[in-house]
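One letter stands for each residue in the lines below.
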Amino acid sequence: MQLSFTSDEIAAIVQARAARGATTLMIEGISALRTARPGDLSFLNQAKYKADVASTHASVVLIPPNYVGEPKANQCLLVVDQPSVALARLCARIESASRPPVVAGLHPTAVVAADARVAASASIGPLCVVESGAQIGERACLQAAVYVGREVTIGEDCQLLPGVRVYAGSEIGRRVRIHANAVIGSDGFGYEFIAGRHEKVPQIGKTVIEDDVEIGAGSTIDRARFGRTVIGEGTKIDNLVQVGHNVIIGRHCILCAQVGISGSATIEDYVVLAGQVGVVGHITIGRGAKVGGGAAVSSDIEAGSSVNGSPAVPLMLERRIAVLKQRLPELFHRVDALEEQLKGLAGAGP
Amino acid sequence: MQLSFTSDEIAAIVQARAARGATTLMIEGISALRTARPGDLSFLNQAKYKADVASTHASVVLIPPNYVGEPKANQCLLVVDQPSVALARLCARIESASRPPVVAGLHPTAVVAADARVAASASIGPLCVVESGAQIGERACLQAAVYVGREVTIGEDCQLLPGVRVYAGSEIGRRVRIHANAVIGSDGFGYEFIAGRHEKVPQIGKTVIEDDVEIGAGSTIDRARFGRTVIGEGTKIDNLVQVGHNVIIGRHCILCAQVGISGSATIEDYVVLAGQVGVVGHITIGRGAKVGGGAAVSSDIEAGSSVNGSPAVPLMLERRIAVLKQRLPELFHRVDALEEQLKGLAGAGP
Amino acid sequence: MQLSFTSDEIAAIVQARAARGATTLMIEGISALRTARPGDLSFLNQAKYKADVASTHASVVLIPPNYVGEPKANQCLLVVDQPSVALARLCARIESASRPPVVAGLHPTAVVAADARVAASASIGPLCVVESGAQIGERACLQAAVYVGREVTIGEDCQLLPGVRVYAGSEIGRRVRIHANAVIGSDGFGYEFIAGRHEKVPQIGKTVIEDDVEIGAGSTIDRARFGRTVIGEGTKIDNLVQVGHNVIIGRHCILCAQVGISGSATIEDYVVLAGQVGVVGHITIGRGAKVGGGAAVSSDIEAGSSVNGSPAVPLMLERRIAVLKQRLPELFHRVDALEEQLKGLAGAGP
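Residues numbered from 1 in each chain as written. Chains lettered and ligands numbered in written order. Predicted model: local features only at pLDDT ≥ 70, side-chain atom pairs only at ≥ 80, totals over all residues.

### Concerning the overall build of chain A
Here's step 1: In terms of regular secondary structure, chain A is built from 5 helices and 38 strands.
Here's step 2: Whereas a compact globule of 350 residues would reach a radius of gyration of roughly 20 Å, chain A reaches 27 Å, over 25% beyond that.
Here's step 3: For chain A, the spread of C-alpha atoms along the three principal axes comes to 100 × 75 × 30 Å.
Here's step 4: A buried classification covers 54% of the 350 residues belonging to chain A.
Here's step 5: A separation of at least 24 residues holds for 20% of the contacts in chain A among residues at least 6 apart in sequence. (Helix = DSSP H or I, 4+ residues; strand = E, 2+ residues; numbered from the N terminus. Rg over C-alpha atoms; globule rule 2.2 N^0.38 Å. Buried ≥ 20, exposed ≤ 12 C-beta atoms within 10 Å, placed from the backbone. Contact = placed C-beta atoms within 7 Å.)

In structure tokens:
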């Protein structure tokens, strides 16, 4: 990133309600409160870091309305409703400024089928392949070396980063962002065991990615055996995530890195799966449930619940188990002692 | 998928033994019994869903010979030996009909070394690279953007999907299907720690993929330090699986998504590893053993056994542990109570 | 690999201190002691395999100075300071002999921006893309189908294998080796939850890969939200590893396959993370700490310690827990028995 703003320019971008103090320095970096240097912008995101504002060397600090405190010399505190939102707004501005304009049209090295329908404002970058019957929406950008199979549809304003592979027949909505080397619509993993061999069950369904989804680098989303694998609107998927065939993921879910979801599982809206979670097939994780990192979900999870562990159990129980597990050596000793004592008592009995 | 069949056409494809009832509708979809609509085909795969046949709206239902029940109006029950096999047959038919014919020859944008030996019936798609000394067998298909390194051999009827990378010297058998962005023959992970630095141990062995193997999207199979990493005939590997150097995997194994196998492990024939299983190096998993999802295998596993957990133990023990773990809070309370009581008894003693 | 050496040639390559015995055979393979055949070279790497030297069929065996024993007929024992280092030296020789010379210059199918600065001795292979403002150092090799984004810098003697994707602004040091389909500089995974939707937090930082790093196939290293994600000098990363945004990894660390590190974690120098380890965000793993396979690190780890388990605890405790967990059924029975006995005693009381 390249940035260079006056504090007034930043106040405008983040829609600051008020400014306390002023700085003559240009803001050329962003940093946490403790590591910021003069010329940096910082922010108070969580109340527990409040004390760090007074000692920070940042030249501009985004603070919430309820922060009480005065700036140092040559420092400007900008009051905003939500510092994290304000910061996101600033970052978006920097990002859009540093991103080169998308050039509409087909790069001469792209291989685009004659009957593919590419919108006039779409950008098909170098060494992309777009197969027969595919449709690419307005302002969609295939950055470079992207493969789009037959009859795929890609909606408006999508961004496909280098090396993305989309198998035939997949449907991708609008404003979807797919990171480098992700694979959409690969075969589901299904075989019949016949005469000592695994015979492939053809996977003739499709993958549907709804609007505003983001999919991380290297992730793989299988297509359905028949019917559909669905990633619901607004769901965000991190890197190296595996989604099996016929999985239905609802809207606005969060799947962190290296999550794996087995075939035909249902993940309802607003579910959060932390990193490396594994989900067995054919179960349902209820709306808004949260699953902790590395947990193994092997049965239905109630809506709104928080679970963790292997197998996943309610979070409070899992925490208790985690502590008591470490006291197992002690518990065995205590039971040894009890047995010993009881033997003594029994021997001393009448 | 696109399908449109009469019930008679379907009866012929699935080799039905008998038909009960008839339908005038064209079959244009496939669905589970509960979600099927008129015009869909469905199937009775497991006895526990038997009751759903009577209430399904499917127009054609594949049923096993022992199913007792009559069709509704405008519904056809097709009796087949194994509904799942019959369904697979139908899907295969649909898949082959919808797949475009493979065009033999080199796409003009492919970069193929002058001394590579490409069979006349093979298809080298757009933007593929085939390096010096490589051999590509009859009817093999490199779909697009595939990289085949020096001296690689690829057998007859292989399918390499977009973005597959095959390092120099790898050997791939016949009818092998490798999904998008998988990597075959990458360096094993080996270093010697010398004078405070990790010095690379050159990985000069190869990777051998035997006949009828399938490898999922984004999976990585390292080549051997020296000697070979082997994936045995008929073994099926899901997405994002890691196979380390010098691993020997037998025939007809199943490795589900995100499995990781460390260097020099041996996996014998017919082993099944569920999703996210981890296997340490230099151990053996015996023929036909089954390892449950997320298990950590840290020592040899007996042939034919079923294990689970971290570390993996026999399945029945693991299930018992999983239940008892959740009763640890109770157990601690019981031991507390015992100690209390015993203190009372001892105090009341003679 | 192709090899064919006399024992004298091997003695020279491995800098042998002495030879016992001699062989007339050409050495054409490398194998472990037990599986070696005449014409193979083998080596005694660990004292526990000492007995295998006497029975091996290898024609040349690398032995440490303290090995006592005589060769068989037509066998040569070569005394070296460290057999594993000697073997690495031999392998490096074989590797470099079998590797084709790198051809400097741009392949005609590469797409290189006019203002990219590519060193004269660098090699840009077929179907690579190098964007505007990128710099490629002397003798660096982009093998094929590599994508290098805007303003990326790649140092001297780097090797980028096929399908590597480097996002705009990333900085890669010298002698870095990145394996096929790895992704450097992808977006960090950050959102603000606003009005029921996850709004993207732009990720405007960069990724810095220092000198002598190796990164495995399919691994993904996110760029920072702002500031930097850093992989320290000499660190080695295996396949399918995920490194989140703003993670700082020190020097000479080892990250085995499928490790996942959440955002803003700090991994100090010389840390070893075994396969499938998960690390939560915002914690520190101290210098030289070792984390066992599959462990879930959820809090700071002390420098020099060895931990394992979920959550990770000191190794000796984890081993004890692993054993005692398996004795839980027995423990419950013992407590049942104690309660029963105590009931009897209480009933028999005065």
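Here the narrative resumes, following the displayed structure.
### Things to note about the sheet that holds strand β1 (residues 18-21) of chain B
All names here are of chain B.
Here's step 1: Taking strand neighbours across the sheet as the criterion, the 5 strands line up as β1-β5-β4-β3-β2 in an open arrangement whose pairing is mixed. Looking along the sheet, the strands with just one partner apiece sit at the ends: β1 and β2 (29-30).
Here's step 2: Note that strand β4 (residues 60-63) and strand β5 (residues 76-79) share 4 bridges and pair parallel. Residue pairing in the sheet places I63 in a bridge with V79 of β5.
Here's step 3: Along the sheet face, helix α3 (residues 83-98) touches β3 (40-43) and β4 and points at about 130° away from the line of β4. (Pairing = 2+ DSSP bridges. Axes fitted to C-alpha atoms, helices over the stretch in contact; angles between N-to-C directions.)

### Here we look at the packing of helix α5 (residues 328-347) of chain A against helix α4 (residues 315-326) of chain C
Here's step 1: Contact geometry for α5(A) and α4(C): axes closest at 9 Å, N-to-C directions at 50°. By the angle between their directions, the pair α5(A) and α4(C) is classed as oblique. For the pair α5(A) and α4(C), the contacting residues are A:L328, A:P329 and A:F332 in the first and C:R320, C:I321 and C:L324 in the second. (Parallel < 35°, antiparallel > 145°, perpendicular 65-115°, else oblique.)

### Quick notes on the relation of the copies chain C and chain A
Here's step 1: Of the transformation placing chain C onto chain A, the axial shift is 0.0 Å and the rotation is 120°, giving an RMSD of 0.1 Å. Taken together, the rotation angle and the small translation identify this as a three-fold axis. (Least-squares fit on C-alpha atoms with pLDDT ≥ 70 in both.)

### Describing the domain arrangement of chain A
Here's step 1: What the domain assignment lists for chain A is domain 1 (7-98), domain 2 (105-317) and domain 3 (320-347).
Here's step 2: One C-alpha centre belongs to domain 2 of chain A, the other to domain 3 of chain A, and the line joining them spans 50 Å. (Domains from an automatic or database assignment.)

### Quick look at α5(A)
Residue and element names in this part refer to chain A.
Here's step 1: Here α5 contains 20 residues, and its C-alpha end-to-end distance of 29 Å stays within 8% of the 28 Å for a straight helix at 1.5 Å per residue.
Here's step 2: Regarding α5, the residues found buried are L328, V335 and L338. Looking straight down α5, one finds its buried side chains confined to an arc of 70°; they lie on one side. Facing away from the buried surface of α5 by more than 90 degrees, the exposed residues are E330, H333, D336, E340, K343, G344 and G347. (Expected span 1.5 Å × (residues − 1). Arc of directions from axis to C-beta.)

### Structural notes on the interface of chain A and chain B
Much of the literature gives interface size as the accessible area that the parts lose upon coming together.
Here's step 1: At the junction of the two partners, chain A supplies 53 residues and chain B supplies 51 residues.
Here's step 2: If you tally residues by element for the side of chain A that touches chain B, the top one is α5(A), at 7 residues.
Here's step 3: For the side of chain A that touches chain B, the per-class residue count stands at 27 nonpolar, 17 polar and 9 charged. (Nonpolar A, V, L, I, M, F, W, Y, C, P; charged D, E, K, R; others polar.)

### Some points on the sheet that holds strand β22 (residues 206-209) of chain A
Residue and element names in this part refer to chain A.
Here's step 1: One open sheet holds the 9 strands; their spatial order is β8-β11-β14-β17-β22-β25-β28-β31-β34, and the pairing between them is parallel. Two strands close off the open sheet at either side, each with one partner strand: β8 (117-118) and β34 (284-285).
Here's step 2: The pairing of strand β25 (residues 228-231) with strand β28 (residues 248-249) spans 2 bridges and is parallel. When the bridges of β28 are listed, V230 appears paired with I248.

### Structural notes on the pairing of strand β20 (residues 191-194) of chain C
Residue and element names in this part refer to chain C.
Here's step 1: Bridge analysis of β20 against strand β21 (residues 197-200) gives 4 bridges, and the strand direction is antiparallel. Opposite E192, over in β21, you have E199 as the bridge partner.
Here's step 2: Here β20 folds back onto β21, and the loop between the two strands holds 2 residues, one of which, A195, carries a positive phi near 55°.

### Side note on unusual backbone geometry
Here's step 1: Cis peptide bonds are those with omega within 30 degrees of zero, and the linkage from A:S310 to A:P311 qualifies with -5°.
Here's step 2: Residue position: A:P311 is located in the loop between β37 (306-308) and β38 (313-314).
Here's step 3: For A:Y270, which is not a glycine, the phi torsion comes out positive at approximately 60°.
Here's step 4: Relative to the assigned elements, A:Y270 resides in the loop between β31 (266-267) and β32 (272-273).
Here's step 5: C-beta crowding within 10 Å serves as the criterion here: with 23 such atoms nearby, A:Y270 is assigned to the buried category.
Here's step 6: For B:Q258, which is not glycine, the phi torsion reads 65° and is therefore positive.
Here's step 7: Within the fold, B:Q258 resides in the loop between β29 (254-255) and β30 (260-261).

### Some words on the interface of chain C and chain A
Here's step 1: If you look at the interface, chain C gives 53 residues, while chain A gives 51 residues.
Here's step 2: When contributions to the side of chain C that touches chain A are tallied by element, the ones reaching two or more residues are β19 (183-186), β20, β21, α4 and α5 (328-347) of chain C.
Here's step 3: For the side of chain C that touches chain A, the element with the most residues is α5(C), which contributes 7 residues.
Here's step 4: Residues belonging to the side of chain C that touches chain A are distributed by class as follows: 27 nonpolar, 17 polar and 9 charged.

### Describing helix α3 (residues 83-98) of chain A
Here's step 1: For α3(A), which comprises 16 residues, the first-to-last C-alpha distance of 22 Å matches the rise-based estimate of 22 Å (1.5 Å per residue) to within 8%.
Here's step 2: Taken together, the buried positions of α3(A) are occupied by A:P83, A:A86, A:L87, A:A88, A:L90 and A:C91.
Here's step 3: Looking at the packing, one finds that the buried side of α3(A) touches α1 (7-13), β3 (40-43) and β4 (60-63) of chain A together with β20 and β21 of chain C.

### Thoughts on the confidence of the model for chain A
Here's step 1: Confidence in the prediction for chain A averages 94 pLDDT; 99% of positions are at 70 or higher.
Here's step 2: This complex was scored by the predictor with a pTM of 0.93 and an ipTM of 0.92. (pLDDT = per-residue confidence, 0-100.)

### Points about the environment of A:D40
Residue and element names in this part refer to chain A.
Here's step 1: With respect to the secondary-structure elements, D40 resides in strand β3.
Here's step 2: Since 23 C-beta atoms lie within 10 Å of it, D40 is described here as buried.
Here's step 3: Each C-alpha atom, one on D40 and one on A58, is 5.0 Å from the other, the two residues being 18 residues apart in sequence.
Here's step 4: When near neighbours in sequence (up to four residues on either side) are disregarded, D40 contacts I27, G29, I30, S31, A58 and S59.

### Examining the nonpolar core
Here's step 1: Core analysis: the biggest nonpolar cluster contains 228 residues, and A:V291 and C:V291 have the highest contact counts within it.
Here's step 2: When sequence neighbours within four positions are dropped, the list of residues in contact with C:V291 reads C:L273, C:A274, C:V277, C:I285, C:V297, C:I301, C:V307 and C:A312. (Core = buried A, V, L, I, M, F, W, Y, C linked by C-beta atoms within 7 Å.)

### Section: the environment of C:E199
Here's step 1: Position of C:E199 among the secondary structure elements: in strand β21.
Here's step 2: Among residues more than four places away in sequence, those in contact with C:E199 are A:A88, C:Y191, C:E192 and C:I194.

### Details of the pairing of β5(B)
All names here are of chain B.
Here's step 1: Side chains of β5 alternate between two faces, with C76 and L78 and L77 and V79 buried alike.
Here's step 2: In terms of strand pairing, β1 meets β5 through 4 bridges, oriented antiparallel. The partner of G21 across the bridge, within β5, is C76.

### A look at the environment of A:I204
Here's step 1: The topology assignment puts A:I204 in the loop between β21 (197-200) and β22.
Here's step 2: Taking C-alpha positions, A:I204 is 24 Å from A:V259, a pair spaced 55 residues apart along the chain.

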